[in-house]
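Residues per chain are reported as follows:
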Amino acid sequence: MSLNNILSDYVLNLNESATLKMSQMARKLKAEGKDVISLSIGEPDFDTPSFVNEAAKKALDNGFTHYTPVPGLVDFRHAIVDKLKRDNDLEYDINNIVVSNGAKQSISNLCQALINPGDEVIIFTPYWVSYIEIVRLAGGMPVCISASVDNDYKVTSEEVKEAISPKTKFILFSSPCNPTGSVYTKAELKGIADVVDQHDDIFIVSDEIYEYIIFDGNHHSIAQNEHIFNQTIVVNGMSKGYAMTGWRLGYIAAPHFIAKACAKIQGQVTSGATAFGQKAAATALRAPLTAPIQMRDVFLKRRDMMLSELRKIDGLKLSLPQGAFYIFPDCSAFYGKSYNGKVINDSNDLAMSILQEVHIALVAGSAFGAPNCMRISYAANEDQLQEACRRLQKYFGELN
Ligand code: PMP
Ligand code: GLU
């Protein structure tokens with residue numbers, strides 16, 4: 001009997017996270033002594049602000065080392081409610097909030113709580129890698145609406161309307177978007193809200209984890225459209241804005257019955273998130289937004305530097321990312337060409353060839369439902385980014 005027969009269909013049908021896989025490959029090559037620049041994972045390269053670390057140490061000393069209530073410490077949930085009012089003008093109480101081990105778990109809880117087998121989830125594409133697999137794990141059917149570089153990778157409310165079927169359960173998207181950096185405007189969000197308003201039983205899951213990394217104007221939450229407020233679940237977390245990826249803290253703000261359902265699931269799977277981490281995160285949310293804004297400003301400089309270098313590569317089609325820390329060029333003009341005698345047929349070939357030939361780890365667009373593209377994360381220091389651009393210019397110049 002093959003060992004594979006022992007594993008469940010559930011795991012055998014599961015695709016590995018391409019972002020995590022690529023960053024592991026980069027780590028391995030680095031350990032072998034290769035000069036690899038990793039622009040694969042979506043993780044701020046900054047340290048967590050020191051006042052947050054200090055708050056965690058204090059919380060440890062004050063005994064926050066025990067189980068917390070499953071939906072999160074009351075103190076942290078109050079801080080989240082206040083943050084949602086301060087930054088987003090949204091009114092919640094602490095029973096709307098469920099804190100999880102990262103926004104990834106928040107999205108997983110939601111899918112488990114809302115999806116019956118065969119239910120459809122409309123996913124704006126390009127999408128963040130894990131959406132598809134999390135929806136599938138819950139028995140749902142992803143319905144992808146695709147947008148390309150020509151329309152700034154944004155789908156329209158008309159397309160949403162057309163994709164809705166009697167099986168639609170919810171719509172899932174991120175703005176600012178991973179992987180494209182696109183940001184939906186207030187008017188575009190209202191257009192989508194108006195479509196959903198026609199259907200009492202359809203929800204919106206709005207992933208706003210890149211809220212603070214936005215370069216032009218303010219962040220808008222689709223939940224600010226009052227008529228669909230009760231149909232909207234906001235997902236957010238500490239990972240990106242506060243450089244707290246390893247703390248594993250995400251949360252939802254949802255109608256009470258959905259929050260309760262998510263807490264019920266989490267109570268059987270992982271319980272509440274880490275106690276001292278929640279205390280520190282409450283301190284972070286209550287502080288002025290100085291640290292997130294400082295990081296945002298550095299990301300903006302890097303974005304501009306990267307774009308001006310990448311624009312020198314003939315054939316790459318670039319959008320102007322207005323948030324997050326990704327550039328998502330369309331590379332399809334290069335498919336069919338060769339490097340060192342190896343033909344590049346698709347985004348996977350391209351990402352592999354770039355890793356092997358010029359030692360830059362990127363993520364193939366196919367992982368995000370966009371096989372014409374590749375994702376470049378610029379969450380790395382400026383010297384590395386400049387060197388990466390030099391290598392990419394050389395690489396694409398030598399493709400023939
Ligand atoms: N949503 C998006 C769009 C992301 O890019 C990420 C990054 N991993 C997450 C959710 C999950 O973040 P975390 O689990 O670290 O809170
Ligand atoms: N969200 C990040 C990314 O897209 C982190 C990796 C992950 O959780 O998949 O790279």
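Here we summarise the structure given alongside this text.

Criteria and thresholds
Residues numbered from 1 in each chain as written. Chains lettered and ligands numbered in written order. Predicted model: local features only at pLDDT ≥ 70, side-chain atom pairs only at ≥ 80, totals over all residues. Heavy atoms only, no water. Near = heavy atom within 4 Å. Polar contact = N/O pair within 3.5 Å; in protein donor to acceptor, adjacent residues only side chain to side chain. Areas by Shrake-Rupley, 256 points an atom, 1.4 Å probe, with all protein chains shown as cover. Nonpolar A, V, L, I, M, F, W, Y, C, P; charged D, E, K, R; others polar. Helix = DSSP H or I, 4+ residues; strand = E, 2+ residues; numbered from the N terminus. Buried < 20%, exposed > 50% of the residue type's maximum accessible area, 1.4 Å probe, protein only. Contact = heavy atoms within 4.5 Å. Salt bridge = Lys/Arg side-chain N within 4 Å of Asp/Glu carboxyl O.

### So, the site of ligand 2
Link 1 in the chain: Taken together, Ser-17, Thr-19, Leu-20, Ile-41, Gly-42, Lys-104, Trp-128, Asn-178, Lys-240, Tyr-326 and Arg-375 form the complete shell of residues around ligand 2.
Link 2 in the chain: Residue Gly-42 places a main-chain N or O atom 2.7 Å away from an oxygen atom belonging to ligand 2.
Link 3 in the chain: About the coverage of ligand 2: the protein hides 89% of its 290 Å² of free accessible area.
Link 4 in the chain: Counted by class, the shell around ligand 2 contains 4 nonpolar, 4 polar and 3 charged residues.

### Some thoughts on unusual backbone geometry
Link 1 in the chain: For the bond running from Thr-125 to Pro-126, omega is 5°, close enough to zero to count as cis.
Link 2 in the chain: Among the structural elements, Pro-126 can be located in the loop between strand E3 (120–125) and helix H6 (130–137).
Link 3 in the chain: Note the cis peptide between Asn-178 and Pro-179, where omega equals 25°.
Link 4 in the chain: Inspection of the secondary structure assignment puts Pro-179 in the loop between strand E5 (168–174) and helix H8 (186–197).
Link 5 in the chain: With phi around 60°, Tyr-153 is a residue other than glycine that occupies positive phi space.
Link 6 in the chain: In this fold, Tyr-153 is placed in the loop between strand E4 (141–146) and helix H7 (157–163).
Link 7 in the chain: Judged by its relative accessible area of 4%, Tyr-153 is buried.
Link 8 in the chain: With a phi angle near 50°, Ala-243 is a residue other than glycine that sits in the positive phi range.
Link 9 in the chain: Among the structural elements, Ala-243 can be located in the loop between strand E7 (232–237) and strand E8 (250–253).

### Considerations on the side chain of Ser-353
Link 1 in the chain: Looking at where Ser-353 falls in the secondary structure, it is placed in helix H12 (residues 347–358).
Link 2 in the chain: Not counting the four nearest positions on each side in its chain, Ser-353 is found in contact with Tyr-339, Ile-344, Val-358 and Tyr-395.

### Points about the side chain of Ser-17
Link 1 in the chain: Following the sequence through the fold, Ser-17 ends up in the loop between helix H1 (9–12) and helix H2 (18–31).
Link 2 in the chain: Given the relative accessible area of 19%, Ser-17 is considered buried.
Link 3 in the chain: There is a polar contact of 2.9 Å between the side chain of Ser-17 and the side chain of Thr-19.

### Some words on the environment of Arg-375
Link 1 in the chain: Assignment of secondary structure puts Arg-375 in strand E14 (residues 374–377).
Link 2 in the chain: Side-chain polar atoms of Arg-375 contact the side chain of Asn-178, separated by 2.7 Å.

### Things to note about the pattern of salt bridges
Link 1 in the chain: This model, assessed by the stated rule, comprises 24 salt bridges.
Link 2 in the chain: As a salt-bridge pair, Asp-150 and Lys-317 come within 3.2 Å of each other at their nearest N and O atoms. In this pair, Asp-150 sits in the loop between E4 and H7 while Lys-317 sits in the loop between helix H11 (290–310) and strand E9 (326–327), placing the two residues 167 residues apart along the sequence.
Link 3 in the chain: Classification of Asp-150 as exposed rests on a relative accessible area of 62%.
Link 4 in the chain: Salt bridges linked by common partners bring Asp-35, Glu-387, Arg-390 and Arg-391 together as one network.

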